[in-house]
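Inside the fold
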Amino acid sequence: MDNENLVLKIKHNNWGEIGPNTWQGTEWKIYGDLKMEVFLTVNFGDRKKKQTKISQKDFDYILSLIKQSEKDDKKVEALDGSVWEIKRYQDKTLIWERKIGYIYGIKSLETLAGVLYKVAGLKEIRW
């Protein structure tokens, strides 16, 4: 898909133990025309891709959660689990980035996590 109208690139990665048939990560690319690509990686590189279109309502809600998280963001210390990385673009320019890290206790990001899995039609991964 053309990255020209890419608005969000979000990655959720497993930093816990990984073995056979273990989830390794999920990545979302959400575009201004409401197209969404979702990549699910399991079992040491088995990568599946899903393309769909989301509603304007879901897009606006996701964007509002991202903007709220820009205010709420903080460094979270943990020893195991999963981590998130978020990039927001405007006109091909990166305008905000949350470096890879834990989201535990950051309400806007915890809500965002659930919404992303729901709109992708995927079972939520425990985070």
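Below is a summary of the structure that appears in this document. (Residues numbered from 1 in each chain as written. Predicted model: local features only at pLDDT ≥ 70, side-chain atom pairs only at ≥ 80, totals over all residues. Heavy atoms only, no water.)

Digging into the overall build of the chain
Under the convention used in this document: Helix and strand assignments come from DSSP, with helices taken as H or I runs of at least 4 residues and strands as E runs of at least 2, each series counted from the N terminus. As defined in this context, the radius of gyration uses C-alpha atoms, and a globule is described by 2.2 Å times the residue total to the power 0.38. Classification of residues uses two cut-offs on accessible area relative to the type maximum, computed with a 1.4 Å probe and protein chains only: under 20% is buried, over 50% is exposed, and between them is partly exposed.
Secondary structure summary: the chain contains two helices and six strands in total. Starting at the N terminus and walking to the C terminus, you meet the elements of the chain as β-β-β-β-α-β-β-α. In terms of C-alpha radius of gyration, the chain reaches 14 Å, essentially the compact-globule figure of 14 Å for 127 residues. Principal-axis analysis of the C-alpha atoms gives the chain an extent of 40 × 30 × 25 Å. Taking all 127 residues of the chain together, 42% fall into the buried category.

Examining the packing of helix H1 (residues 56-72) against helix H2 (residues 107-120)
Condition: For helices, the axis comes from a line fit to the C-alpha atoms of the stretch in contact; other axes are also lines fit to C-alpha atoms, and the angle between any two N-to-C directions lies between 0 and 180 degrees. Should an angle fall under 35 degrees it is taken as roughly parallel, and over 145 as roughly antiparallel, whereas 65 to 115 is taken as roughly perpendicular and any remaining angle as oblique. Throughout, a crossing is termed right-handed when the near helix is turned clockwise from the far one, and left-handed when it is turned anticlockwise from it by less than a right angle. The contact rule is simple, with two residues in contact once any of their heavy atoms fall within 4.5 Å. Residue type decides the class: Asp, Glu, Lys and Arg count as charged, Ala, Val, Leu, Ile, Met, Phe, Trp, Tyr, Cys and Pro as nonpolar, and the leftover types, Gly among them, as polar.
Two elements in contact, H1 and H2, have axes separated by 9 Å at closest approach and are oriented at 155°. One way to sum up the angle between H1 and H2 is to call them roughly antiparallel. In this structure, the crossing between H1 and H2 has a hand that is left-handed. Across the interface between the two elements, Asp58, Tyr61, Ile62, Leu65, Ile66, Gln68, Ser69 and Asp72 from H1 touch Ser108, Leu109, Thr111, Leu112, Val115, Leu116 and Val119 from H2. Class assignment for the residues of the contact of H1 with H2 results in nine nonpolar, four polar and two charged.

A few points about the pairing of strand S1 (residues 6-14)
Condition: For two strands to pair, DSSP has to find at least two bridges joining them.
Two elements, S1 and strand S2 (residues 23-31), share seven bridges in a ladder whose sense is antiparallel. Looking at the pairing, Lys11 lines up with Glu27 of S2. Bridge analysis of S1 against strand S5 (residues 82-90) gives seven bridges, and the strand direction is antiparallel. Paired with Leu8 across the two strands is Arg88, which belongs to S5.

Some details on the environment of Trp23
Condition: A 3.5 Å cut-off defines polar contacts: any pair of N or O atoms within that distance qualifies, except that in protein one atom must be a possible hydrogen donor and the other a possible acceptor, and neighbouring residues in sequence count only when both atoms are side-chain atoms.
Inspection of the secondary structure assignment puts Trp23 in strand S2. With a relative accessible area of 12%, Trp23 lands in the buried category. Through-space distance from the C-alpha of Trp23 to that of Asp46 is 9.6 Å; in sequence the pair is 23 residues apart. There is a polar contact of 3.4 Å between the side chain of Trp23 and the backbone oxygen of Gly25.

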